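# Residue-level structure breakdown
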Amino acid sequence: MKIHLVVPLLLSTALLPAQSRQDYALFFPVTTYAGGWTQLPNTLTECTDLAADLGNPTVSAPRCCPTKNKQEIKAKLAELAGRSYGADDQLLLFFSMHGYFDEAGEAGCLCPAGAKTDDPAFDTWLLHTELRTLVARIPCAHVLVVLDACYSGTFGGKKGPPGGPDYQTETPDCQANIKQALQRKTRYYIASGAKQRTPAVSELVKKMRSALGGRYNGDDGVLSLKELLAVISEANPTPKDGEFTGDLGGGFVFVPKNGCGAAPQTTRDPDLAAWNYARGQNTEEALQFYLDTWAAGRFRTDAQRALARIQEERIWQAALQKGTAAAFENYKAIYCPGGLHCAEADAKTITPPSGGRGVPDDGLVFVKGGTFTMGCTSEQQDCYDDEKPAHTVTVGDFYIGRYEVTQKLWKQVMGTNPSNFKDCDDCPVEQVSWDDAQQFIQKLNAQTGRNYRLPTEAEWEYSARGGGKAVLFGNGKNVADPKEINFDASSSYKKAYSVVGEYRQKTVPVGSLNSPNALGLHDMSGNVYEWCSDWFGSYSSGSQTNPTGPDSGSYRVIRGGSWNTGPQYCRVADRSDDAPGNRSSNTGFRLARTK
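If you're wondering where the values come from, they're calculated on a predicted model, not measured in any experiment.

About the thresholds
Residues numbered from 1 in each chain as written. Predicted model: local features only at pLDDT ≥ 70, side-chain atom pairs only at ≥ 80, totals over all residues. Heavy atoms only, no water. Helix = DSSP H or I, 4+ residues; strand = E, 2+ residues; numbered from the N terminus. Expected span 1.5 Å × (residues − 1). Buried < 20%, exposed > 50% of the residue type's maximum accessible area, 1.4 Å probe, protein only. Arc of directions from axis to C-beta. Contact = heavy atoms within 4.5 Å. Polar contact = N/O pair within 3.5 Å; in protein donor to acceptor, adjacent residues only side chain to side chain. Phe/Tyr/Trp six-rings, centres within 6.5 Å; stacked < 30°, edge-to-face > 60°. Lys NZ or Arg CZ within 6 Å of the ring centre and 35° of its normal.

### A word on helix α13 (residues 434-448)
Since the α-helix advances by 3.6 residues per turn, residues separated by three or four positions end up pointing in the same direction. With 15 residues, α13 should reach 21 Å at 1.5 Å per residue; the first-to-last C-alpha distance of 21 Å fits that figure. Within the span of α13, buried status applies to W434, D436, A437, F440, I441, L444, N445 and T448. Projected onto a plane normal to the axis of α13, the buried residues spread over an arc of 170° and lie on a single side. Opposite its buried face, α13 presents the exposed residues Q442 and A446, each directed more than 90 degrees away. Contacts made by the buried residues of α13 are with α12 (407-414), β17 (529-535) and β19 (556-559). Where α13 begins, the side chain of S433 points an oxygen toward the backbone nitrogen of D435, at a separation of 3.4 Å. Downstream of α13 by one or two residues, G449 has phi in the positive range, about 80°.

### Digging into the packing of aromatic side chains
As enumerated under the stated definition, the model contains 23 aromatic pairs in all. Where F27 meets F94, the ring centres are 5.5 Å apart and the plane angle is 35°; that geometry is what we call tilted. Pair noted here: F27 is in strand β2 (residues 23-29) and F94 is in strand β4 (residues 90-96), with a separation of 67 residues, a long-range link. Summarising the burial analysis for this pair, F27 and F94 share the class buried. With a centroid separation of 5.9 Å and 10° between ring planes, the pair formed by Y384 and Y569 is classed as stacked. Here Y569 lies in the loop between β19 and β20 (576-578) and Y384 lies in the loop between β14 (370-374) and β15 (391-395), a separation of 185 residues in the sequence. One aromatic cluster is present, formed by W316, F328, Y331 and Y335 through successive ring pairs. Of note, R556 hangs over the ring of W535, and the distance from its end group to the ring centre comes to 3.6 Å. The ring of Y539 carries R575 above its face, with NZ or CZ at 4.0 Å from the centroid.

Right under this line is the structure:
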């Protein structure tokens with residue numbers, strides 16, 4: 001039995017309103033490699049071209065995730081596995097990157113960004129078997145995987161044409177054919193070659209674009225998988241295809257823009273399609289690609305403005321990360337007046353008052369206030385009851401430490417070092433109580449003329465979220481990686497949103513993991529818990545402005561997790577508490593001030 005799987009001219013992250021299903025497309029092109037790998041400058045262009053052919057100008061464009069490493073790809077696939085899908089929904093996953101076949105282990109794999117040239121432990125290579133497992137966990141009923149990489153034919157699975165029910169060929173009834181095709185689950189793959197190297201300029205993409213851009217073959221107005229495979233079989237090397245992970249013979253249905261039975265589009269606005277794709281991606285690469293491709297495009301002004309905003313934000317974030325007056329002056333020279341962050345840059349470069357007590361750059365980061373949702377928001381996982389209900393909070397402008405207070409600074413102010421993990425001046429001070437922190441701040445203010453304080457719990461979470469964003473961890477990411485966060489990454493604490501790895505069993509120098517969030521703040525998750533100024537109390541559902549917590553209590557708030565906690569306690573919404581007089585080797589603090 002053979003089944004026609006029809007591939008649409010319009011695959012997008014949101015399907016046509018007239019159809020009940022949802023179609024999704026995700027592209028993973030890798031262009032840039034370190035070490036001895038050959039660069040692949042064509043992969044992004046090939047994927048964006050193919051995505052534009054699949055995209056629908058009236059809805060969101062297919063999503064491109066360029067130059068991702070193994071963990072980032074796994075995190076994205078895990079995110080897809082956590083979504084819910086309709087019975088007829090479909091998902092296309094396209095991987096364009098280097099590939100490798102390990103003869104000793106008889107294992108094929110993809111080599112994403114960050115891949116080592118020799119990786120016997122497969123830490124940076126994505127094994128085909130691992131990819132099949134990750135895709136199998138995605139509950140979408142109909143999945144097509146396309147592998148455009150060397151040795152991709154070793155992805156494996158049942159070879160040959162797909163099985164399943166025949167179309168009702170006596171009547172060119174598109175809707176009936178689609179309904180019949182989607183009755184069963186689909187796990188199908190197309191690979192650019194067998195156990196062999198494939199060219200850097202993709203023959204597979206050329207043939208796919210040729211098939212998708214041509215007239216439909218068949219009376220029902222769609223391009224079947226059989227017809228698509230007939231076209232791509234002309235590529236050199238010959239692509240491979242087949243079922244995998246328990247395919248049950250279902251179909252993969254794509255339809256033209258005007259729906260079943262409609263004649264193919266005779267007119268098309270490629271300029272609009274290209275602009276919609278670039279605007280949907282909103283990356284420097286996609287916007288610059290539009291400008292390079294469409295010299296006389298109608299949307300060049302819009303593209304130039306969008307590109308300028310992204311470039312300005314990149315320079316501003318670089319200035320925040322450096323945290324020096326020179327970096328902020330550089331931003332001002334390029335963008336002020338009129339830039340998005342001129343006021344913040346001015347505040348960073350204020351000349352100190354005479355007498356030497358003021359400090360123009362004291363290591364604190366200016367945080368522009370705003371309104372955000374605090375607590376157990378939708379992206380959070382494993383929430384505890386004290387994180388609920390999520391509620392709206394507005395905070396004013398404030399400053400917060402780029403780093404946790406170090407042992408070096410504590411010794412300079414207090415003359416002692418209470419820390420358990422000594423002999424590390426740049427490590428955070430710990431074994432300090434909330435009361436100890438208040439004494440430190442009092443002395444520091446007397447020495448500097450500043451008005452330092454602990455952040456409120458609301459300010460802390462707003463900062464950890466990189467300015468109130470929907471993120472899982474304080475470095476702006478949704479996966480806890482022990483290479484980026486100092487926490488207990490033992491396998492016994494493994495979560496869907498964490499990576500198993502090193503458990504250091506101690507603090508590390510502040511900022512040494514080099515994984516700041518959007519505000520340039522380091523170690524907002526892990527390393528040490530951080531005292532906040534608030535008494536610990538329950539959340540209310542009402543909106544609040546600059547909340548400071550209950551008027552009294554028995555415990556003070558600590559936030560952020562530490563070197564000896566699992567990943568769930570490092571989430572930006574997680575709340576913990578301790579008595580204000582208690583000291584622990586996993587608790588420190590960072591400074592804040594209002595002006």
